[in-house]
Amino acid sequence: MAKNSKTTVKTPRKPRFQGIKSFFENRQTQTILGLFLMLFAMFLATSFVSYLLNWQEDQSQLSNFSDKNITVQNLLGKIGASISHFFIYDGFGIAAVYLPVLLFFTGLLIFFKGGLKRIRKFWGWGILGILWLSITLGFLLPNNSILAGVVGFELNNYLQQFLGKTGLFLSLLFLLVSYLVIRFKLTPELVKSSFIKVKDATQIEVEPIVNVDQNNLNKEDEKNEDFKSPLELSLENLKPISTIPGNYSEEESDLENNSDFKANLKSEVDVAIAVEKIVEENRVDENLSDKLVKDFGEFDPTLELGNYKFPTLNLLRDYNESISVDQEELEANKNRIVETLNNYKIGIDRIKATVGPTVTLYEIVPEAGIRISKIKNLEDDIALSLSALGIRIIAPIPGKGTIGIEVPNKKATMVSMKSVISSTKFQNSEMELPIALGKTISNETLVIDLAKLPHLLMAGATGQGKSVGLNAVLTSLLYKKHPAEVKFVLVDPKKVELTLFNKIERHYLAKLPDTDDAIITDTTKVINTLNSLCIEMDMRYDLLKLAMVRNIKEYNAKFKLRKLNPNDGHKYLPYIVLIIDEFADLIMTAGKEIETPIARLAQLARAIGIHLIVATQRPSVNVITGIIKANFPARAAFRVTSKIDSRTILDSSGADQLIGKGDMLYADGNNLIRLQCAFVDTPEIEKITEFIGSQRAYADAYMLPEYSGDEVGTNLDIDISERDNLFRDAALVIIHAQQGSASLLQRKLKLGYNRAGRLIDQLEAAGIVGPFEGSKARQVLIPDEMALNKLLDFESDN
């Protein structure tokens, strides 16, 4: 009978000096050590300066250090005088003064940054500099012991015996030049160019202004005409004006050599036409756009709001975001994970912890022969042993040969919007539409480019952070893009989440003509806006076709280089970001009328700069359909209530195991990243919108194309001969109940939904019921049966 063998866990052997290393890597230790070094440097500096002033009086008293009756002149007493005597007189002389400078900056670096790598470099150069200065002073002033010190004096004598005075001088000079070359990267070419610049700056000559007779000047111009190109003849006196299409410049126009056109130049369009005619008449080979760029510069879309200032970081709130690592918590969790796996005969070779703002990732390497699925199935057991919610097992971690176990921290850390906006990754980003979502487990800021996604689908249960996520998206774009570069179409069925952005309507928002509010809350207006965006999309594609480019980036680059004529309908195209806060409510009330334009925009609008961000709290299959999911490869999932909802939004489980309060999973099609969403509060949004709204704005919001479609969106049957046999009965039911709905006809007349729907359309066409009003019942326009009979008799007579 085989003996039961108990699997032992191989725990990694601790390094010999791990305790000392962890002690000095602790932030509290580094803070105290840095403060001590700075204060000790001040102590040394004070004693050194006092010693240099009183060294002759104090030197004779140091022999009787313990005698209380003897006093010294040093400001820091006998200890200060003794230390100063040791470093200056018995040491390096006046060069020792550099020692407290090194100590002070060392303490400063440790106090604020906690790093020791840069300190080694400073100390290396510092010690070499002290030795060099001490020997040099001993060489130049051999009789002054206080300046060179004993070390400098003795080393100078020692080196002179071997090298002689000339050899020592050359050696010291060589070391000085080598230091300057290495430290400041000096080269002969750099020194030479510096001297040339200084020489040129001192020899600037100012030519006197000479009064030239105007008649002689005109004659001279006539002589030089033969040496000018036709384009120069036509454009040399053409001064820029304020609003030429394409933003050409700001002066008046004067075509002296082309008097036939002078009388017709009454507007900016006339100027553009005149330039084209001149080019045709003179058959100019040179590219006109290159000439315009050379004369007036590239087109600047931000010039109309040239004084616009981006929001400042002080509008955002500071939070305490230092991640305090609790070694006891990490060790206890590690031991529980090892113990739980050991109970199921799963051995571990190595285990490592990475602490994030909300979650700690434990990476384990199982022993050879252990199946990954065996560990994956122990998710609930590990959660039970750790007494924690939100345990998630990643088996294996993509790109690594390890298995990850994500465990929530007992004390979560807030990730503020200010920290991600001020991060180097976001500030130096060259993305078209950068969005700072939050921080990953490794405490790195996650910045994504909406232009490359190209659309984002967000989902999560109520109160888990969706609206905050949308605010983070909007805040990122407001901090990075000028009002001329991006416009927002905001859809807020809940009517309260996005209202603060009304203040920036004339800066950043887009809306339909003849509408009062830029933020859309009515379902009918949402349908019209989506169809208007489809018209805008088709118009933009026509412009791209004329410009012979493939996407909005190439189109705008070509327009900035003035290669596209505004008279042909070309204009600078801003990005348009459509944000829908509660998609499920729109699908419930409008259905296909919403889904169809959304799907069309998602499929086609990427290339022309229209991007969608759709959020919903009900990630069910009837809301997030296959057509929508296929065109939204980027998904952001906050905590949901079931594995089914998680698979609907992410195509995998995991969102049901999040802990809420901004804890989220981001999927970009390949990777699944867990991060803590950046938190931006309502007062912060209010400050940002007030800061932007108080500045000079455009005359109105960005106008979308007008959409003149029917509000109902159905084809109504107006042919009396094709009416249903139950038309009159249905009309009587509706009039008696004074409620127009298909479900009422289904119940009363025992009909199917399709036939009841057709009857409602026919009743609307006849003027018996009103148009579709979303979730409300239709209004009944006929008061009683007598009025119905009159209406039907009138139709039959005609």
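Not measured: the values here are computed from a predicted model.

(A) Layout of the nonpolar core. Formed by 112 residues in total, the largest nonpolar core has its most connected members in Phe488, Leu578 and Ile594. Among the elements that line this core, the one with the most residues is helix α20 (residues 523-547), at 9 residues. Aside from chain neighbours lying at most four places away, what touches Leu578 is Val489, Val491, Leu530, Leu533, Ile598, Leu601, His611, Leu612 and Ile613. Counting residues in each nonpolar core, the second largest holds 22 residues, with Leu759, Ile760, Ala766 and Val780 among its members.

(B) Expanded view of the packing of aromatic side chains. What the rule picks out here adds up to 13 aromatic pairs. Ring pairing ties together the aromatic residues Tyr308, Phe310, Phe488 and Tyr508, which thus form one cluster. Against the face of Phe426 rests Lys480, its NZ or CZ located 5.4 Å from the ring centre. The ring of Phe727 carries Arg723 above its face, with NZ or CZ at 4.3 Å from the centroid.

(C) Here's a closer look at the sheet that holds strand β3 (residues 392-394). Strand order in the open sheet formed by 4 strands is β1-β2-β4-β3, with antiparallel pairing between adjacent strands. Each edge of the open sheet carries a strand with a single partner, namely β1 (348-355) and β3. Looking at each pair of strands side by side, their axes are set apart by 20° on average, direction ignored. Where β3 lies against strand β4 (residues 403-408), 3 bridges are found, and the strand directions are antiparallel. Across the sheet, the residue bridging to Ile394 is Gly404, located in β4. The sheet strands contacting helix α13 (residues 327-343) are β1, β2 (359-366) and β4, and the helix crosses β2 at an angle near 40°.

(D) Examining the packing of α13 against helix α15 (residues 379-386) more closely. Two elements in contact, α13 and α15, have axes whose closest approach is 9 Å; the angle formed by their N-to-C orientations is 135°. Here α15 runs oblique to α13, going by the angle between their axes. The handedness of the crossing between α13 and α15 is right-handed. Along its contact with α13, which presents Asn333, Arg336, Ile337, Thr340 and Leu341, the element α15 presents Asp381, Ile382, Ser385 and Leu386. Its residues placed into classes, the contact of α13 with α15 shows 4 nonpolar, 3 polar and 2 charged.

(E) How the structure looks around the pairing of strand β14 (residues 672-677). Strand direction decides the pairing type here: strand β5 (residues 434-440) and β14, joined by 3 bridges, are antiparallel. Looking at the pairing, Lys439 lines up with Gln676 of β14. Pairing of strand β13 (residues 663-667) with β14, which is carried by 5 bridges, proceeds in the antiparallel orientation. If you follow Tyr666 over to β14, its bridge partner there is Ile673.

(F) The arrangement of the pattern of salt bridges in detail. The final tally for this structure, using the stated rule, is 21 salt bridges. The partner of Glu432 in a salt bridge is Lys553, with the nearest N and O atoms 3.7 Å apart. Here Glu432 is found in the loop between α17 (424-427) and β5, whereas its partner Lys553 is found in helix α21 (residues 552-560), with 121 residues between them in sequence. For Lys553, a relative accessible area of 52% gives the class exposed. Several salt bridges share partner residues, and in doing so they unite Arg392, Glu406, Asp663 and Arg674 into one network.

Thresholds applied
Residues numbered from 1 in each chain as written. Predicted model: local features only at pLDDT ≥ 70, side-chain atom pairs only at ≥ 80, totals over all residues. Heavy atoms only, no water. Core = buried A, V, L, I, M, F, W, Y, C linked by side-chain atoms within 4.5 Å. Buried < 20%, exposed > 50% of the residue type's maximum accessible area, 1.4 Å probe, protein only. Helix = DSSP H or I, 4+ residues; strand = E, 2+ residues; numbered from the N terminus. Contact = heavy atoms within 4.5 Å. Phe/Tyr/Trp six-rings, centres within 6.5 Å; stacked < 30°, edge-to-face > 60°. Lys NZ or Arg CZ within 6 Å of the ring centre and 35° of its normal. Pairing = 2+ DSSP bridges. Axes fitted to C-alpha atoms, helices over the stretch in contact; angles between N-to-C directions. Parallel < 35°, antiparallel > 145°, perpendicular 65-115°, else oblique. Left-handed = near helix turned anticlockwise from the far one by under 90°. Nonpolar A, V, L, I, M, F, W, Y, C, P; charged D, E, K, R; others polar. Salt bridge = Lys/Arg side-chain N within 4 Å of Asp/Glu carboxyl O.

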